[in-house]
Structures are given as structure tokens and as C-alpha cells.
Amino acid sequence: MRKRNSAIDLNLLALILVAVPTQASAHIVKGEAIGFVSGFEHPISGLDHIIAMVAVGLWGAQLGSPAIWALPVTFPLIMACGGFLGLIGVPIPGTEIAIALSGVCLGAAVLSELRAPLWVAALLVGIFGLFHGHAHGSELPSGQNALLYSMGFVLATGLLHATGIGIGTLHRWHWGRLALRGTGAAILCGGLFFLRGAIG
Amino acid sequence: MRRARPGLLGLSAIGISVIPASAHAHLVVTGMGPLFDGISHFALSPEDFLPVIALAFFAGLRGPRHARTLSWTIPLAWFGGGVLALMPLTPPEITLSAMTAVLFLVVGGLLAVNPALSVAACLWLGVVVGLVRGMADLVNVQKSPAHILTLIGIVSIIFVTSAIAASMTLPLKRLWGIVVARVCGSWLAALGLLLAGWLFAVRRCRSLTVAGVSPPARHIARWSVCRSRPILLPAIPGNLAPALLMGGIFTPQASPSLIDRPGLRDCSVSRALGPVRDEPRGDQSASESSMGVHV
């Protein structure tokens, strides 16, 4: 009885093997798939970029409408301009320092709940976005699909802002406001840490 | 004691399991004919569906007249562009890629800003988008009437997509819904800027995609990017002139020493904005080959 069961098991195993899809995947749009994933991973690969982008969303949420959507729209657009400059090889000095400073300044803005006019906030965010974009544009990897890479890149950036805005919805509660200011303090500390690394 | 052995069924199954399945390398063929190949081509090509959806979103935000106009304009212009490409009456592929990047920027910017554009202006924008992308889709395929069916597939899915996309933003009254649509526009504009950056970054041309001059190069369209120092050659081929006008510095047929230099990178700009391509294979029908490679 046991032998018979073993034979049945082998038959079953063989039938399962038949059902397993044998996808060849030979040369299939490999660069494109990698392009999107690499682009998506790029903005979230560095903590200095992450804290700044999340801080933009947090600050926008603190400032309320229209800054809540104007700042996250400004940042990717100006960042794309910076990426454009980085791609064509236009040098911008002090990029790393500016990126670290963006964490410091935006963290301080979130910590102090700075009620800046919209144009000032947009200008500040735009200037920092330029440096972030330039860093990304200069570091683009080789052999990628431009469109899919850019799609992943922009999508990840936008989602980081959305994360910040999502966390920023806590602002409606008193304890939430305190939590946001605490997050701003953490971002400020992170920015200072990166600034020390960039200068040193 | 007999060892357990697989029966005839099991042996057959093992035999079948080791038979290699067809690889279908490079193919995006549906196997359902050129019409569905066209539909799947559109659905799998972000350079095609992103501007269409963004433009339809914009038209929906502007009102029903804009939406109705664009729902017909884009597919018809796309068809016209495809027919022009089959004739063939198209600008070089690099120009179409550059125009696509600019269109991303314009359409995304319009959606982000949401200005009060007239119906006529919307119509002309739809015509330009349709013509450019229609030409870009079929610029490198074999010039054969068989591709008309593929083109009809593309056009039909464009009509459906634009109608659905416009109907999504048409009834939007809440601010957050409109903001989401406009944020999508800003992302598309950012995408256009980055693509323009890739195009500008093209400083050396490894292989020119000049149809009729270098047939293998027709399928390559690879451009190398050198970040070390720009070189401007006095003689610029005619098909690169539009791209040069946009500020890029090109060096056709860069020498291997240049290509191997540290800091040199590959940038597949034309791959990103590539058309439907033919694979030069004898066993493939025209309709299959039209969707054969989208690299």
C-alpha cells in the first residue's frame, strides 16, 4: 500500500511539474523592467533625500491649503529641473551640503510650525528641490530606459510627499501637532547629521 | 522489495515537462492578430497612454465640450500620423522622441495649471499629440498596408481610454479630486523635463538611426552619454539638426576609445520613446512583427 502511494506521489509530482509555467524570459525587456524599479528605488535609497521629501509633505500639511498641494507639486517640478541640469552635466557646487541643509531647514520649519507665506515656502522648497534633483540627475545609472526610469523616479518622489502629507493629517489633533513637531525635530537632527558628514 | 516507480502517465508528464517552451524573446505579440497587437501596444507603452490620459483628464476638467472634442480628435490624428509613417512621411525618430518629451511637458503643465483653454486650442493640442505619437508608433515598421489593422487597434483603444479618462475628471467637484488630477499633471510635466534631460544629455551617437543608410542601426537607436567633456563636431548629419537645435551636442559614430572612456554611459532615449519595431525574421508575419519588439 505504501509503495503504491509513493508511485502516486511521483505521478503527482510529475503532473505538478507539467503545470509549472516554464517562462523563458530570454532577453525580454529586461532593461525596461529594471529601469522602472531602479528609478523607483533611487529617491528612497538615501535617507537624506527621504527626510527632506517627507518634510515637504509635513510642512505643507501644517500650512494647510493651498500649500498642502502647492509644495508637493513645486518640489518634483523643480527637482526635475535639477535632474535636467544634472543630466546635461551642468555643475552645481555644494550639492551635498544643500541637501543636508534642506533637512535642517525643513525640519526646523516643521518643528516651529513656521507660517511662511506661500511664495516663500514654495521658493524654499523649490531651491532645495533643485539640489536634490541635480544630485539624482548626476547619479543616474547606465543603460537604463529613460522613460521608465523617470516614471519610477517621479512616482517615488510623489509618494514620499504623499507619505508626508498623510502623516501631516495628524495636525488636526493637539497630540498630532506635538507628534509632527517631534518629527520635525527628528528631521532637523537627521539634517544636522548629514550636514556634518557633508562638511567633514 | 520493489522500488516505487512512476507510471506511464508520470513518465509522460516528466517528458512533457522537460520539453522547452517557446521563448518568445523580444516579443510582445498577443497571438490574437494585429488588432489586439495594436491594443496591447498602446496599453504597454507609457509614452503612448500617459499623454492621452493626461490630455483627457485636462479636457474633463475643462468641461464636456472639450472632452467630446478630444475623444474624437486624438484617435483620428493618431490614425493620420500612423498612415503618414507608413507612407513614409515622418521626421527622424530622434525628433519624434524630442517632440514627445516636449508634449509630456506641455500636456502635464496644462493639467497641472488647468488654464481656461479654448476648445479650438484643445483640439489642436490633440491633433499634435495624435500626429506625433501616431508617427512615432509606426515610424520603423515595414511599410505595409497590413499595419493598418494594428493602427485601428491602437486608435480604438485610444478612443476608449480618452473617453473613460475624461469621464473620470468631468464630474469632479471636490477640491481634493481636482488636486489629485492636477498633481498627476505635474508629475507628467516632471517626467517630460527628465526625458528632455536625457535627450539633451545625448552627446555622442553610437549608432545613427537613419532608415535606408544603415539598416542594422535602424533597430538600435542607442546613444551614449559622455559626462567628461563635450565635443562639438563641425559636421552634423541632417537628422540630428533638430536635436542639436534643442541644445544637445552630438558626435556621431563615437570611436571605441571614446565609448570605453570612464564616465561614459549608455542612455537608451529612443528605446524609451520607441515605436513599434520590426524584427527581421522570416517566419513572422507583418502583423506579428509590428508588435514584435518594443525596446
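Residues numbered from 1 in each chain as written. Chains lettered and ligands numbered in written order. Predicted model: local features only at pLDDT ≥ 70, side-chain atom pairs only at ≥ 80, totals over all residues.

**Some words on the overall build of chain A**
Scanning chain A from terminus to terminus reveals eight helices and one strand. In chain A, the succession of helices and strands from N to C terminus is α-α-α-α-α-α-β-α-α. Across the 200 residues in chain A, those meeting the buried criterion constitute 50%. Within chain A, counting contacts between residues at least 6 apart in sequence, those at least 24 apart form 89% of the total. (Helix = DSSP H or I, 4+ residues; strand = E, 2+ residues; numbered from the N terminus. Buried ≥ 20, exposed ≤ 12 C-beta atoms within 10 Å, placed from the backbone. Contact = placed C-beta atoms within 7 Å.)

**Brief notes about unusual backbone geometry**
Unusually for a residue other than glycine, Glu113(A) sits at a positive phi of about 50°. Position of Glu113(A) relative to the elements: it lies in the loop between helix H5 (95–112) and helix H6 (118–138). Notably, Asn114(B) is not glycine yet its phi reads approximately 55°, a positive angle. The topology assignment puts Asn114(B) in the loop between helix H5 (93–113) and helix H6 (119–138). What makes Asn114(B) partly exposed here is the crowd of 15 C-beta atoms within 10 Å.

**A closer look at the nonpolar core**
Across soluble globular proteins, nonpolar side chains show a tendency to be buried alongside one another. Among the nonpolar cores identified, the biggest contains 121 residues, and Ala55(A), Trp59(A), Leu55(B) and Leu195(B) are the most heavily contacted of them. The element contributing the most residues to this core is helix H4 (residues 67–88) of chain A, with 14 residues. Each residue touching Leu195(B), except ones within four places of it in the same chain, is listed here: Ala146(A), Leu147(A), Ser150(A), Ala101(B) and Phe104(B). (Core = buried A, V, L, I, M, F, W, Y, C linked by C-beta atoms within 7 Å.)

**Description of the packing of helix H3 (residues 46–62) of chain B against H6(B)**
A pair of packed helices is characterised by two quantities: the angle between their axes and the separation of those axes. Residues and elements named next belong to chain B. Interhelical geometry of H3 versus H6 gives an angle of 170° and a closest axis separation of 11 Å. In terms of axis orientation, H3 runs roughly antiparallel to H6. Contacts between H3 and H6 involve Asp 48, Pro 51, Leu 55, Ala 59 and Arg 62 from the former and Cys 122, Leu 125, Gly 126, Val 129, Arg 133 and Asp 137 from the latter. By residue class, the composition of the contact of H3 with H6 is six nonpolar, one polar and four charged. (Axes fitted to C-alpha atoms, helices over the stretch in contact; angles between N-to-C directions. Parallel < 35°, antiparallel > 145°, perpendicular 65-115°, else oblique. Nonpolar A, V, L, I, M, F, W, Y, C, P; charged D, E, K, R; others polar.)

**Quick notes on the confidence of the model for chain B**
All names here are of chain B. Per-residue pLDDT for chain B averages 68, and the proportion of residues at 70 or more is 61%. In the model, residues 204–295 has pLDDT below 50 throughout and makes 197 contacts with residues more than four positions away in sequence or in other chains. Interface scoring of the predicted complex returns ipTM 0.74; its pTM is 0.67. (pLDDT = per-residue confidence, 0-100.)

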